Amino acid sequence: MKNTRQSRSLKKIAGSILSSVACGLAIITLFDLDKSSLLAVSICVFICNMLEQQWQKFVL
């Protein structure tokens, strides 16, 4: 049971990270930013997504 729960959790986090990087790349392309800022933009998107999820848990 524990292993399956951990596996699901890791898959969810990995999916979130990949999604954040994709969004970061889209933002960099859209605003014609330097490619070196991909990590910073991706981290900001990831943090915003996590905050939104926590907010939804709090509100609902």
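You'll find the structure just up there.
A few points on the structure.

Thresholds applied
- Residues numbered from 1 in each chain as written.
- Predicted model: local features only at pLDDT ≥ 70, side-chain atom pairs only at ≥ 80, totals over all residues.
- Heavy atoms only, no water.
- Helix = DSSP H or I, 4+ residues; strand = E, 2+ residues; numbered from the N terminus.
- Buried < 20%, exposed > 50% of the residue type's maximum accessible area, 1.4 Å probe, protein only.
- Contact = heavy atoms within 4.5 Å.
- Patch = residues over 30% accessible without salt bridge, like charges linked within 9 Å, V, L, I, M, F, W, Y side chains within 5 Å.
- Areas by Shrake-Rupley, 256 points an atom, 1.4 Å probe, with all protein chains shown as cover.
- Salt bridge = Lys/Arg side-chain N within 4 Å of Asp/Glu carboxyl O.
- Disulfide = S-S within 2.5 Å.
- Expected span 1.5 Å × (residues − 1).
- Arc of directions from axis to C-beta.

### Regarding the side chain of Ser20
When you line up the elements, Ser20 lands in helix 1 (residues 2–30). Exposure remark for Ser20: the relative accessible area of 2% places this residue in the buried category. Ignoring anything within four residues of it in the chain, the contact list for Ser20 reads Ser42, Val45, Phe46 and Asn49.

### Description of a nonpolar patch on the surface
On the surface, Ile27, Leu30, Phe31 and Leu33 cluster together into a nonpolar patch covering about 410 Å² of accessible area. Counting through the fold element by element, Phe31 comes out in the loop between helix 1 and helix 2 (38–59). On the basis of relative accessible area, Phe31 is assigned to the exposed category, the value being 57%.

### A few points about the state of the cysteines
A complete count under the given rule lists zero disulfides for this structure. With no disulfide partner, Cys44 has as its closest neighbouring cysteine sulfur the one in Cys48, 6.6 Å distant. Cys44 sits in the partly exposed class, given a relative accessible area of 48%.

### Observations regarding helix 2
Compared with an ideal rise of 1.5 Å per residue, which puts 22 residues at 32 Å, helix 2 spans 31 Å between its outermost C-alpha atoms and is within 8% of the ideal. Among the residues making up helix 2, those that are buried are Val41, Ser42 and Val45. For helix 2, the arc enclosing every buried residue in end-on projection is 100 degrees, short of the 170-degree limit, so these residues lie on one face. In helix 2, the exposed residues that point more than 90 degrees away from the buried face are Leu39, Leu51, Trp55, Lys57 and Phe58.

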